[in-house]
Every structure is written in structure tokens, then in C-alpha cells.
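Remarks on the overall topology
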Amino acid sequence: MIGISERLTAALEGRYTLERELGQGGMATVYLADDARHRRKVAVKVLRPELAATIGPERFLREIEIAAQLQHPHILPLLDSGEADGFLYYVMPFVDGQSLRERLGRQGELPVNEALKLLVEIVDALSYAHARGVVHRDVKPDNVMLSGRHALVLDFGVAKAVSEASGRNQLTTAGVALGTPAYMAPEQAVADPHLDHRVDIYAVGVMAYELLAGRAPFIGGTPQQVLAAHVTQAPDPLSRHRPGISPVLEAIVMRCLAKRPADRWQSADELLSQLEPLVTSSGGLTPTSTRPVAGWRPERHAGRWIAAAAAGVAIAAVLWKVWPTARPRAPVNLDRVQVTFTGNTWAPSISPDGKRIAFAERQCDSAGICAFDLVVQDAGGAGSTRILRGATNMWSTEWTADGRFLLVGGAINDSWGSYSVPMLGGEPRLLGQGLATLIGNGDTTLIVFRSARDTVAWFRRVGTGDGVVYDSVPFRAPPGDYPLARVTADGRWLVVLTAREQSRILTIADRGGRIRDSLVFPHNRVWQAFPIAGTNAIGVASGMEGVGDANDLIVYRIDETGRLTGAADTVAHQLDVDWLDMGRGGELLIGAGPAEYSVSSFRWEPFLKPAFPLRHLAVSTTISVTGGLSPDGRQVMLARSVIRNGRVLRQLSLMSSDSGAERALGSPRDIVDWDLGEREIFIGYRRHDSVVVATLDPATGGSRDLRAYPADEYGGVEASAPGGFVMYTPLGDRIRRVLAPGLPDTTFATPPTFGHIMDAEPSPDGRAVAIVGWDAREDSILVFRMSLVDGSTTRLATLTGEGADALRWLPDGSLIVPVRETAQTIALYRLSTTTGPPQRLGLLPRFSATYRFSADGRRGIVRARESKTDLHIIRNFRELVGH
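Residues numbered from 1 in each chain as written. Predicted model: local features only at pLDDT ≥ 70, side-chain atom pairs only at ≥ 80, totals over all residues. Heavy atoms only, no water.

Topic: the sheet that holds strand β45 (residues 703–710)
Cut-off, in case you're wondering: Being paired, for any two strands, means DSSP has found at least two bridges between them. The way it works is that DSSP assigns letters per residue, a run of H or I at least four long becomes a helix, a run of E at least two long becomes a strand, and they are numbered from the N terminus. An axis is simply a line fitted to the C-alpha atoms; with a helix, the fit covers only the stretch in contact. Between two such axes, the angle follows the N-to-C directions and lies from 0 to 180 degrees.
If you trace the 4 strands from one edge of the open sheet to the other, you get β42-β43-β44-β45, paired in antiparallel fashion. Each edge of the open sheet is held by one strand with a lone partner, namely β42 (671–676) and β45. Between one strand and the next, the sheet's axes are offset by a mean angle of 20°, whatever the strand orientation. Relative to strand β43 (residues 681–687), β42 runs antiparallel, the two being bridged by 5 bridges. Across the sheet, aspartate 673 pairs through a bridge with glycine 684, a residue of β43.

Okay, here's the thing in C-alpha cells:
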């Protein structure tokens, strides 16, 4: 019987003369041959017979033709392919060198600079092929030849051609492995039918790990064990096997090895942009620098709903100083290094010694249900560990001075508040329901509010480890939402930032809660203030909210008496960040990333049952935009943030909820809020120290001023038929009736047991208003009806959740109430205003989304926010303060 070798020699006679076998792989046997026509040495790869029989020549040759189109300096070209006597083969140039596998077998791990150079060339080849729709699917050292000092990737597209030609995207075809277990991405290992170019990114990560560590990240006794490890096990940090590795390079490699394709580098081009800066002409390493993209400042603090529950404290007799103009400094070089690469960080903080960082990381399952894990990571970007899993929400983290605990603000174990989480493991301890900061060597100062009518807030000092309450002192805070406090490094002063509707107030208080000095910042331009370690200075992040414009970092000094002294200095421009924290060594931790806002409309058929996907996308932008829906559901109103002469204004526009062009309404204004009525639009806009309530004509965009109110008396405006409006105050405890036909303007107080107003919606006939609010005493959401004739009230429901979106009256006199039930879901309730318990209609996805509904309940809009945030460390920030 004639053997395979003899049959093959005879079949190729006249074209290629086989000299000897060079090796065998899972799919093919490779031979050294002479090309008779061109008189050159070539490598002929012949598919295994059982695989060739499964595929058939026509499909194989048709698919492999794509790979033949690739022409790149680091891709070994395909010279020829064909079928002869049942054999399927393809031909490549013969490289008189060694494979990367042979090099590793003889030498083990490579020098870092050499490994980097090879990786750059390999990824460059991948980038070229991916751009042309070709995925390798079998990237490994065996398929990389070394010619001189350069890498040549071979078999490009062959694994994909084989799998596509066989009509199967699975692990094996006819018993032959398509790919190599040691380099297979998890989705390959589980035979996912929807593979894409990110399997090559994973394989590059495995190969890079092997080049640098001298071993693969997963080692098993059988191929099945290796495949299982790819799917279920986390790889060891690269630095465990190569201790001297750069943290930046390690982070790049480890991101390639992410289990989920969405968590890896999303393209070879993106990976290449990370690797190339690490290679220098001398073969050394240079640090990478990444400029962040605009984030969304208005919703930085996920706990803002707590603020609404706590607002309404009385103003103290303080001499408020006006925000001074910051002095710009000469440009400085920031020593900035990116330390996370998932785009999925939240609420970060840096340890006092600057060696570790903590952050929340959102984890979502296939059904879209999300939770938060608490992650601690080496500040150099190396190994990480999860010390808490499955929290409903997290909005802040902070380290104790001794590093034994993390103070976490969040919703954990079905209760919100401030928790201490042991670094060495153990159950989180609830310290209190309030926003917290750390003092001393593990004590906690909690800012706790009783209700919206309290005249003082309280600093409550609680032991972090044991939860024991030591003392409480009153703090006569300025009026407004959620004072956020930090303690200076020497422990003498509390730095408190209070949010108001039109401003932020920076307050310096002593440990007894006595105010020493304050600054007012207009137009909500300040969103974070923090003590600068080792100095008597405060860093203030100042920017234009919601516009995506860059932030400045401004420095103020505190003298011995607690007064803010001297003019402010701007020490850094264009940081454009979402989160800030500072270590005691002077390192500044920055969370930065892009945010995208979208407003989409949808229909509900039948009544109040969602029919997704969304029918129409009104707008998608990286500039903050909000949306409203007319009562009849036919028009969407958009409000964009824009900059005019250095001021943040809002441009209003209208468009159909189904289709059509967007139409601007007049010029941009300093608009606080707005509401669509049946025939007109009500707005509240700033003019000097007042807020003017006006109407806009939807047809012409013309406006008419109605009333002016002092800025600190204005809360929000809601259109009320026919032709009037209602307002609620900043303290959230009063409703004003204005321009109601036949009735004088007047003010009604909410019930004494009621907390803070979240939303108010007048009834269609203008004779009542539905109000939803948060009651801190009951830790619940209250909904009640108030008569706009005599101010009498009726409680409609007590609901459980984190807050509520906009109410909407239905034609039958009932109400839709969207309740932010968890971090992932909004529960829709229907309330009768006369009898009966609340009717729970169903759930909507919530994360960073708000909903509005039409009066018949059959149309709606959703405003969503998606962001990607990674962490960066500026190591020389304290030096910049003295620059």
C-alpha cells in the first residue's frame, strides 16, 4: 500500500518537490519543499486527511483566498494553495530561522525589551489583518517565526478559514482541534458561536505572559484541564513570576487576559497604542500617559438621593465671601500613570501610604442585573483582590490611617449608609445612615440629619472597628443638600462642601462644629474639595458641570485660626475627571473616562408593557443632555449644556417623539429647570440674584416673564393647567400655587411628618398636586395628594426604594410613580388617589437612567448615561502645590 508521503509526493510532482518533514500540528503537517517554477525553498502545509475530507476543496479554497490578500511586513505571506489527489494544502515562504516556540524552549523568558519589540510587531500584524476582516484564531509562539530580529506571523486566517469552511465555529472539527488549548480564549473553550477578533487579543496576552514569565498563565495535566482553567480561573499576577516587571506593562498584559471580551482591549490597534510607548530606541521602558475624556460631573455622587433626604438645615450668621478669581500658574508637567484598564471603576480612594488603591467595580450578569464589588489593588497596577462582593450600590470609599479598614458608603445587605469593611476579610459593619469621613487613626465622623426641618446637622464620632458612638456635636451648616466633609491632615479642621441649587459653599469648621470661614462658588462649578496631605492647603476641583469641559485644580490656604487666606492658585488645568482622592505621600488619584448621554423614546403596547427595542433615538452625545415629554407624548424636549462666554447655559429644543428634525427654542439661557405643559413650556432661569419663572411658546420660541424669586427661595417649577404653575422651595417643605384662575397666589406647607420633596406633579385640572418625597425618619418614600384649593393633604402610599423619578397623572385620576427600587431596577407603581393599595406594574432597567411618561401611559422617554472610568495617579501633585 502506498503511504501518505508517497501519495503526496506524486500528487505534487511538477510543482513542488518534498525534501523532508519539518513538523506536525493539530491541523496540518508541514514539509520543506522546492518550488520548481521559481526555484526557491518553500514550506508546504498539508491539512490532515480527516479534516480535508470534512471540509471539501471548494469551500476551503474559497475561504483561504481571503488570507492570501494579506500583505504586511510581519505576516508570512500565502504563496499558493490547492487540492491534489484529495490533499488540501497551502504554501508559504520557507524562513531559515527558528520559531518563537523554539526560542522559548532554549532560552525561557525573554529580556523585557526584546519581548516588547516582538509583541509590537505581532500586534501590528494583527491590527492590519483585523482591519480587513481576518481573525487568526490560533495565535501562539509556534505560529511566529523569527527572521533576524523580526517576527513573522504565519498561518494567518487559516484556523478561521478551516472553521468557516467546515461550517462550524466550535472547538473541534472531525476530531481535530481548531486552535491550541493553552492559548484559547474562554469563549473559544466553551464553543461560543459568536467569536470575533478579541480571541486574538486574549491569545496575545497568553503569549506575552509566556514571553515575560517563561511559563503560560495556565498549566494543566490535560488539555481539558487547561481549557477549564481559561474559563474559570484567574491567572496569577505576572509580577509573581517576573518580580521586576513594570506595573504598566503587567497591567496591559493582564487586561488582555480578561475573561469577558468586553473587558479586554477592544482592538489590536488599541493594544498597539499601549505597547508602542513602552519601547524606546535604547530598548528600555518609558511611562505611558493617557489623557482622559470628559466625565459627567452632575451625578458623580451616587448617594445624591441621600442628600435629598437630608436637605433643609438653617443658615448660620456667617459672613460669606465671594469666590476669588484663581491665579493661573505656569504650565507644569504631571507625572501621571494609568493604573486600571477595565473602564469599570467607581468611587476610588488611595491608601495613606500611596501603595494601594480601593474602588468599586460593577459586575453585571447576562440578564443585565448588576452589583458592586469592592476591589483593592496595588497602586502600580499589579495584583488585586475583592474584599466585598454583591453590594447593591457604592458611592464612596476611604482608607483608615492604619490601613486596617475601608470606610464605604453604599447599599449593602439591604440597608444604605456608611460601613467599615475589614481589609483582612469579615462582615461589613454599618456605622450609621449618613455620609461619612474619617478622622484620627480609625474614628469616623458621620454627618447625620434628622429631617428637612432640623436647624442643625450633627457630626457623630463613631469607632470604625466597633461601631461605638463616642460623641455628637452640632454643625450649623449652610442650607442646601448633603454637606460632604473631609478632615485636614493635622486633624484640626473640617472641610465641608455643601451643595445648593445655584451654588456650592465651602466651609471651614473646627472639631466642635463651629464655622470659621466660608466661600460661595456660583453656578455649581465646584464639585469636590479635599485637604492636601502634609500642607495647610485645600484642593478644589472646579469645572463646568455637564459640559465635558476640562477641570481646574485650585488651591486655597488655611491659616492658624481656620480662615481661608490669600488668593487662590490654579495648579493644574484640563484634568477633566470624575473622581479625586489624595494619599498622604502627595499622590493624587484621578478617576477619568468618557460619558455618553442619550435620550430615546419608546411606546408601550399594550398599556404599560414595554415594547423594546426603543423606537427612536432622539440624541446621543458626550455633552450632558436631559429630556422631557409632553403630556400627550408627541413631543420630546431636550436641554443641552453649552458654553457661552465662559458660562454654562442650556439650549432647549423640541422634536417629535416618533421622527423628524430637532428645532431650537430661542437662545441658550442660564436655565435652572423646566416643564412642558399642555400648551406652553415653563422655565426657571437665573437673572442676577433671582430666578425668573417664564413661559415659552413651543411654536415660536418667544418667552414671557411671569414672576421673579430670590435664588435661595426657588426650588423647581411644574406646569399646572390652566395657565398656572406650582413651585416647591429649596428646603422641600412648601408648595407655592401661582396664577391659578380665580385663586390668589399662596403657599402651603407639607405635613410635619413629611420629609423632602423629590418631585411634584399638578393634576390635569389644576386643583391638586401629587408629591413624592423621602422621609428620613421612616426611611421610606412617601406619596401624597395636596389640594391646591385649601392645602389639605392625603397620604396615598408609603413605598420602599432609594428614590423616585417624575410622577405622571393618568386620565382616570390615578398616578404612575417610578421608584428607584435597587441600583439596577425601577419599579413602576400605579396609585389610586381615592382607594386601594399601590399596584406594582413591573420593572424597568435603571442603572444611570431616568424615565418620563405621557399622560396616557402609552409613550415614554428614557434618558441614559453610560460611562467608562479608569484610574490614574499623579505622583507629583504635592510638588505642584508649591510650584
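As for the nonpolar core
Short version of the rule: Among buried residues, those of type Ala, Val, Leu, Ile, Met, Phe, Trp, Tyr and Cys that are joined through side-chain atoms within 4.5 Å constitute a nonpolar core. Throughout this description, buried means an accessible area under 20% of the type-specific maximum (1.4 Å probe, protein chains only), exposed means over 50%, and partly exposed covers the range between. Whether two residues touch is decided by their heavy atoms; if any such pair falls within 4.5 Å, the residues are in contact.
Ranked by size, the top nonpolar core spans 68 residues in total, and within it Phe156, Leu249, Leu271, Leu275 and Ile357 carry the most contacts. In this structure, leucine 275 is in contact with Leu116, Leu119, Val120, Val123, Leu249 and Ile252, ignoring residues within four places of it in sequence. Ranked by size, the runner-up nonpolar core spans 22 residues in total, among them Trp774, Ile781, Ala797 and Ala804.

Quick notes on the packing of aromatic side chains
Quick note on the threshold: Note on ring pairs: Phe, Tyr and Trp rings are taken, using the six-membered ring of Trp, and paired if centres are within 6.5 Å. Classes follow the plane angle, with under 30 degrees stacked, over 60 edge-to-face and the rest tilted. The criterion is that NZ of a Lys, or CZ of an Arg, lies within 6 Å of the ring centre and within 35 degrees of the ring normal, and then a charge sits over that ring.
Taken as a whole and assessed by the stated rule, the structure comprises 5 aromatic pairs. Arranged with centres 6.4 Å apart and planes meeting at 75°, the rings of tyrosine 16 and tyrosine 89 form a pair that is edge-to-face. In this pair, tyrosine 16 sits in strand β1 (residues 16–24) while tyrosine 89 sits in strand β5 (residues 87–93), placing the two residues 73 residues apart along the sequence. Classification of tyrosine 89 as buried rests on a relative accessible area of 1%. Feature note: the residues Phe602, Tyr851 and Phe853 constitute an aromatic cluster, connected by ring pairs. The ring of tryptophan 265 carries arginine 255 above its face, with NZ or CZ at 4.0 Å from the centroid. A cation over an aromatic ring shows up here: arginine 669 above the ring of tyrosine 685, its NZ or CZ 5.0 Å from the ring centre.

Digging into the side chain of serine 657
This is how the line gets drawn: The definition of a polar contact used here is a pair of N or O atoms within 3.5 Å, where within protein one atom must be able to donate a hydrogen and the other to accept one, and adjacent residues in sequence count solely through side-chain atom pairs.
Within the secondary structure layout, serine 657 lies in the loop between β40 (647–656) and β41 (663–664). Among the polar contacts made by the side chain of serine 657, one reaches the side chain of arginine 859 at a distance of 2.9 Å.

Thoughts on the pairing of strand β19 (residues 405–412)
A large share of β19 lies buried, amounting to 8 of its 8 residues. Burial along β19 is two-sided: Phe405, Leu407, Gly409 and Ala411 facing one way and Leu406, Val408, Gly410 and Ile412 facing the other are all buried. Sheet topology note: the strand β18 (residues 393–399)/β19 ladder contains 6 bridges and is antiparallel. When the sheet's bridge partners are listed, serine 396 is paired in β19 with glycine 409. Strand direction decides the pairing type here: β19 and strand β20 (residues 415–422), joined by 8 bridges, are antiparallel. Note that in β20 the partner of leucine 406 across the bridge is valine 421. Counting the residues in the hairpin turn of β19 and β20 gives 2 residues, including asparagine 413, whose phi is positive at 55°.

Observations concerning the sheet that holds strand β4 (residues 80–84)
If you trace the 5 strands from one edge of the open sheet to the other, you get β1-β2-β3-β5-β4, paired in antiparallel fashion. Bordering the open sheet on either side are β1 and β4, each of which pairs with just one other strand. The sheet shows a mean angle of 30° between the axes of neighbouring strands, direction not considered. Here strand β2 (residues 28–35) runs beside strand β3 (residues 40–47); their pairing, made up of 8 bridges, is antiparallel. Of the residues in β3, the one forming a bridge with valine 30 is lysine 45.

Quick word on the pairing of strand β16 (residues 370–378)
Counted residue by residue, β16 has 7 buried out of 9 residues, so it is predominantly covered. By the bridge criterion, 9 bridges tie strand β15 (residues 356–364) to β16 in an arrangement that is antiparallel. Bridged to glutamate 361 within β16 is aspartate 373. Across 5 bridges, the pairing between β16 and strand β17 (residues 384–391) is antiparallel. For leucine 374, the partnering residue across the bridge sits in β17 and is leucine 388.

What about helix α8 (residues 198–213)?
Heads up, the condition is: In this scheme, a helix's expected span is set at 1.5 Å multiplied by one less than its residue total.
Compared with the 22 Å implied by 1.5 Å per residue over 16 residues, the 22 Å span of α8 between its first and last C-alpha is a close match. Most of α8 sits inside the fold, with 16 of its 16 residues counted as buried.

Some remarks on the environment of tryptophan 493
Along the polypeptide, tryptophan 493 turns up in strand β27 (residues 493–499). We classify tryptophan 493 as buried; its relative accessible area is 6%. Between the C-alpha atom of tryptophan 493 and that of isoleucine 508, which follows or precedes it by 15 residues, the distance is 6.5 Å. Here tryptophan 493 is in contact with Arg486, Val487, Thr488, Ile508, Ala509, Asp510, Arg516, Ile558, Asp559, Glu560, Thr561 and Gly562, once residues within four sequence places are set aside.

Looking at the pattern of salt bridges
We apply this condition: Each reported salt bridge corresponds to a side-chain nitrogen of Lys or Arg within 4 Å of a carboxyl oxygen of Asp or Glu.
The full count for this structure, using the stated rule, is 32 salt bridges. For aspartate 670, the salt bridge goes to arginine 686, with nearest N and O atoms at 2.6 Å. Of this pair, aspartate 670 sits in the loop between β41 and β42 while arginine 686 is found in strand β43, placing the two residues 16 residues apart along the sequence. By relative accessible area, which is 7% here, aspartate 670 ends up buried. The closest approach of N and O atoms between arginine 840 and glutamate 821, which form a salt bridge, is 2.5 Å. A residue pair is termed long-range when its members are at least 10 positions apart, and arginine 840 in strand β57 (residues 839–845) and glutamate 821 in the loop between β55 (815–820) and β56 (825–831) qualify at 19 residues. A relative accessible area of 43% places arginine 840 in the partly exposed class. Glutamate 821 sits in the partly exposed class, given a relative accessible area of 23%.

Worth remembering: the numbers are spatial, not functional.
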